[in-house]
Structures are given as structure tokens and as C-alpha cells.
Amino acid sequence: MPVNKLVTGILGLSLLFINGCQGSFSDVSDNTSSSYLIPEGVHSMQKAIFGAGCFWGVEAAFRQVKGVTATTVGYCGGDYEHPSYEEVCKGKTGHTETVLIEYDPAQVSYQELLRVFWDNHNPTTLNRQGPDIGFQYRSVIFYFNAEQQTAANESKRTLDESGKLAGPIVTTIEPAKTFWPAEEYHQRYLEKHGFAACHIQ
């Protein structure tokens, strides 16, 4: 079964849509996790970072991909240290909700991850995915090296020129900055709670 159909089926099981930043913050714990950038060549696994709206749904999509060995939702792109979910949602830090992906290049290529990224959100809406509006929900690819940068630019250009989308792609392609893991209760959120949230493409 194609990945995008599998993901659509999984996320489409529920009719409940939740705006991740409109709920109560009463259960938001302080984010004390250390930030990190992943050095190249540490081991055989590779890293990628994508932002495509509410990170709950984005993480769920990539976790269905064979060859993706680990995912972490978090915040990237801002300069503020130790951002919390509440601060990011209020637009105070310049961060974007993102997913850090660890993958085995022997099983899945970066190009295939790019395809999953494009297939599972609308890259033509500026700072918005479905009901989620704000800079923290922008479409962005953070690259770790020149190879990822080239692949991302080529992929974006090819899709933009294909005429398949209703408008021009607004996705930005930027060098990876410090990634701050989100609070633990956000990690694998949809698997824990059993319903679809945020946007569904």
C-alpha cells in the first residue's frame, strides 16, 4: 500500500480535529530537555528535520515509513533557548513545530522522505495548515548538509513546476538550527491518544 494512502487511512480513522495550540496549557510541564544538533557521520543512521503544521500529525505520518527508526517532535528555527509549547504557540520565540527524524538510508532515501513531506501537508499556504495558523505552523525543511539542501531544492522546484498544486510553494529551505525536543507528553501523541488531530491532507 502506498505510504500516503496508508497515512491517510490511519489519520482518517477519527473525525476529531484539534487545534494543538487552542487547548489548555495546564498539563504543560517545563521543557528542561537539552537542545542538540546531530553531528554527521556519528553512525549509519541519518537525520532530517521537517515542519509541516502541527507536529502530532507530521510525526504520525513519518512513523509509518519503513526505514524511519526514530522520531522526536520539537521546536526549531528560533533563537530563544529552552522554548516551551505555550511560548512557541504564542509566537514568542520564532520557532516552528518540527519533527526530527532518524532514518536508515539503506531502507529509505532522503528523496522518499521529501515525497512523504510534500504528500502530507499543503505547502502553498503561508504559515497555516488547516485550522492551525501562525509562524509556528509554517512549511519548512531544515537541512543538515549540502546533499540534503540540493535534494530539497530540486524536489521543491520539480513539484512547483508540475502544475499539481493550486498555487506556488511557500516552503522555505534552511540550514538546521538548534533543535529543542518538545515536552514528553507531545512525543508520539496520536499513538498515545488514539485519535487524529491538527490537519489532514
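Up top is the structure these notes are about.
Residues numbered from 1 in each chain as written. Predicted model: local features only at pLDDT ≥ 70, side-chain atom pairs only at ≥ 80, totals over all residues. Heavy atoms only, no water.

Bringing the overall build of the chain into the picture now. Secondary structure summary: the chain contains 6 helices and 8 strands in total. In sequence order, the secondary structure elements of the chain are arranged as α-β-α-β-α-β-α-β-β-β-α-β-β-α. A burial count over the chain gives 49% of its 201 residues as buried. Intrachain contacts of the chain at a sequence separation of at least 6 include 81% that bridge at least 24 residues. With the model as given, the accessible surface of the chain reaches about 9600 Å², and the carbon-plus-sulfur share is 51%. (Helix = DSSP H or I, 4+ residues; strand = E, 2+ residues; numbered from the N terminus. Buried < 20%, exposed > 50% of the residue type's maximum accessible area, 1.4 Å probe, protein only. Contact = heavy atoms within 4.5 Å. Areas by Shrake-Rupley, 256 points an atom, 1.4 Å probe, with all protein chains shown as cover.)

Turning next to the pairing of strand β7 (residues 172–175). Working note: regular strand, side chains alternate between the two faces of the sheet. As judged from the 4 bridges shared by strand β6 (residues 139–143) and β7, these two strands associate in the parallel manner. Bridging across to β7, valine 140 finds its partner in threonine 172. As for the winding sense of the linkage, the β-α-β connection from β6 through helix α5 (residues 146–162) to β7 is right-handed. (Pairing = 2+ DSSP bridges. Right-handed = clockwise from strand over helix to strand, strands pointing away.)

With that settled, consider the packing of helix α4 (residues 110–119) against α5. Closest axis-to-axis distance for the α4/α5 pair is 10 Å, and the angle between their directions is 45°. When the interaxial angle is binned, α4 and α5 end up oblique. For the element pair α4 and α5, the recorded crossing hand is right-handed. On α5, the residues touching Tyr110, Gln111, Leu114 and Trp118 of α4 are Gln148, Ala151, Ala152, Ser155, Lys156 and Leu159. Its residues placed into classes, the contact of α4 with α5 shows 6 nonpolar, 3 polar and 1 charged. (Axes fitted to C-alpha atoms, helices over the stretch in contact; angles between N-to-C directions. Parallel < 35°, antiparallel > 145°, perpendicular 65-115°, else oblique. Left-handed = near helix turned anticlockwise from the far one by under 90°. Nonpolar A, V, L, I, M, F, W, Y, C, P; charged D, E, K, R; others polar.)

Quick look at the packing of aromatic side chains now. Throughout the structure, instances matching the rule amount to 7 aromatic pairs. On the numbers, 5.2 Å between centres and 5° between planes, the contact of phenylalanine 50 with phenylalanine 62 is stacked. Here phenylalanine 50, found in strand β1 (residues 46–52), pairs with phenylalanine 62, found in helix α2 (residues 55–62); they are 12 residues apart in sequence, far enough to count as distant. Across this residue pair, the class does not change: phenylalanine 50 and phenylalanine 62 are buried. (Phe/Tyr/Trp six-rings, centres within 6.5 Å; stacked < 30°, edge-to-face > 60°.)

All right, on to the pattern of salt bridges then. For side chains of opposite charge, pairing can occur when their charged atoms come near one another. In total, this model carries 9 salt bridges according to the counting rule given. When the shortest N-O distance is used, the salt bridge between glutamate 102 and lysine 47 registers 2.3 Å. With glutamate 102 in strand β3 (residues 96–103) and lysine 47 in strand β1, this pair connects stretches of sequence that are 55 residues apart. Among the residues examined, lysine 47 registers a relative accessible area of 12% and is labelled buried. (Salt bridge = Lys/Arg side-chain N within 4 Å of Asp/Glu carboxyl O.)

The buried fraction of β6 is high, at 5 of 5 residues. Alternating residues of β6 divide into Ser139, Ile141 and Tyr143 and Val140 and Phe142, and every residue in both groups is buried. Pairing analysis gives 4 bridges linking β1 to β6, with the strands arranged antiparallel. Counted as the bridge partner of alanine 52 is serine 139 from β6.

A few words on the nonpolar core. Formed by 38 residues in total, the largest nonpolar core has its most connected members in Phe50, Tyr110, Leu113 and Ile141. Examining the composition of this core, we find that 6 residues originate from one element, α4, more than from any other. Tyrosine 110 has contacts with Ala48, Phe50, Tyr103, Ile141, Gln148, Ala151 and Ala152, leaving out every residue within four places of it along the chain. Membership of the second largest hydrophobic core comes to 8 residues, among which are Ile49, Val140, Phe142 and Ala176. (Core = buried A, V, L, I, M, F, W, Y, C linked by side-chain atoms within 4.5 Å.)

The next subject is the sheet that holds β6. As summarised here, the arrangement of the 6 strands in space is β7-β6-β1-β3-β2-β8, forming an open sheet in which the pairing is mixed. Unpaired on one side and paired on the other, β7 and β8 (179–181) mark the two borders of the sheet. Taking each pair of neighbouring strands and ignoring which way they run, the sheet shows an average axis angle of 35°. The pairing of β1 with β3 spans 5 bridges and is classified as antiparallel. Within β3, the residue paired with phenylalanine 50 across the bridge is valine 99. Contacts between α4 and the sheet are confined to β1, β2 (68–76), β3 and β6, with β1 contributing the most and set at about 15° to the helix. On top of the sheet, α5 reaches β1, β3, β6 and β7; it is set at about 150° to β6, its chief contact.

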